[in-house]
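One-letter residues, chain by chain:
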Amino acid sequence: MAVGDAGVLQLSGVLDYRTGPALRKQGQALIKASPAPALVIDCSAVQKSSSVGLSLLLAFMRDADAAGKPVSIHAMPQDMREIADVCGLTELLANQ
């Protein structure tokens, strides 16, 4: 995971209980350190996600809000969309 100069946080691979804790810490630090005025969380390289992936998105949104940076989510995979729909979070994530 990395945040580029344009403020794009690229998530990739499998997001589950094994990868989630490390990604949470890494993403939080990257968001806090990013000089970009706004952030994009790019999920286009996510291969598979459990509810942990959705939890990461929500945590990263909170981190960006705490840093005073607007955030948007790009290319959310279908499995994450389905979990968001079941949890009633589709509108919240779509407005980002």
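Residues numbered from 1 in each chain as written. Predicted model: local features only at pLDDT ≥ 70, side-chain atom pairs only at ≥ 80, totals over all residues. Heavy atoms only, no water.

## A closer look at the overall build of the chain
Move 1: For the chain, the count of helices and strands is four helices and three strands.
Move 2: Taken from the N to the C terminus, the helices and strands of the chain come in the order β-α-β-α-β-α-α.
Move 3: Against the compact-globule benchmark of 12 Å for 96 residues, the chain has a radius of gyration of 12 Å, which places it among compact chains.
Move 4: With respect to the principal axes defined by its C-alpha atoms, the chain has extents near 35 × 25 × 20 Å.
Move 5: Split into buried and exposed, the 96 residues of the chain put 39% on the buried side.
Move 6: For the chain, restricting intrachain contacts to residue pairs at least 6 apart in sequence, the fraction spanning at least 24 positions comes to 81%.
Move 7: Surface exposure of the chain reaches about 5400 Å², of which carbon and sulfur atoms provide 55%.
Move 8: Across the chain, the mean location of the 8 positive side-chain charges is 9 Å away from that of the 9 negative side-chain charges. (Helix = DSSP H or I, 4+ residues; strand = E, 2+ residues; numbered from the N terminus. Rg over C-alpha atoms; globule rule 2.2 N^0.38 Å. Buried < 20%, exposed > 50% of the residue type's maximum accessible area, 1.4 Å probe, protein only. Contact = heavy atoms within 4.5 Å. Areas by Shrake-Rupley, 256 points an atom, 1.4 Å probe, with all protein chains shown as cover. Lys, Arg positive; Asp, Glu negative; His and termini not counted. Charge placed at Lys NZ, Arg CZ, Asp CG, Glu CD.)

## Topic: the packing of helix α2 (residues 51-66) against helix α3 (residues 78-87)
Move 1: At a minimum axis separation of 9 Å, α2 and α3 run at an interaxial angle of 75°. The angle between α2 and α3 places the two elements in the roughly perpendicular class. Taking contact as the criterion, the partners of Ser51, Gly53, Leu54 and Leu57 in α2 are, on α3, Met80, Ile83, Ala84 and Cys87.
Move 2: Classifying every residue of the contact of α2 with α3 gives six nonpolar, two polar and no charged. (Axes fitted to C-alpha atoms, helices over the stretch in contact; angles between N-to-C directions. Parallel < 35°, antiparallel > 145°, perpendicular 65-115°, else oblique. Nonpolar A, V, L, I, M, F, W, Y, C, P; charged D, E, K, R; others polar.)

## Re the sheet that holds strand β2 (residues 39-49)
Move 1: Taken in spatial order, the three strands make up an open sheet running β1-β2-β3, and their pairing is parallel. Both edges of this open sheet fall to β1 (8-15) and β3 (71-74), since each of them pairs with a single strand only. Averaged over neighbouring strand pairs, the angle between their axes works out to 25° when direction is ignored.
Move 2: Taken together, the seven bridges between β1 and β2 define a ladder with parallel strand orientation. For Val8, the partnering residue across the bridge sits in β2 and is Val40.
Move 3: Docked against the sheet, α2 engages β1, β2 and β3, running at close to 170° with respect to β2. (Pairing = 2+ DSSP bridges.)

## Some words on the pairing of β3
Looking along a regular strand, one sees the side chains alternate between the two faces of the sheet.
Move 1: Where burial is concerned, the two faces of β3 differ: the one with Val71 and Ile73 is buried and the one with Ser72 and His74 is not.
Move 2: Bridge count between β2 and β3: four bridges; the pairing is parallel. Residue pairing for β3: Ile41 is matched across the bridge by Ile73.

Remember that the coordinates give geometry; whether it matters functionally is a separate question.
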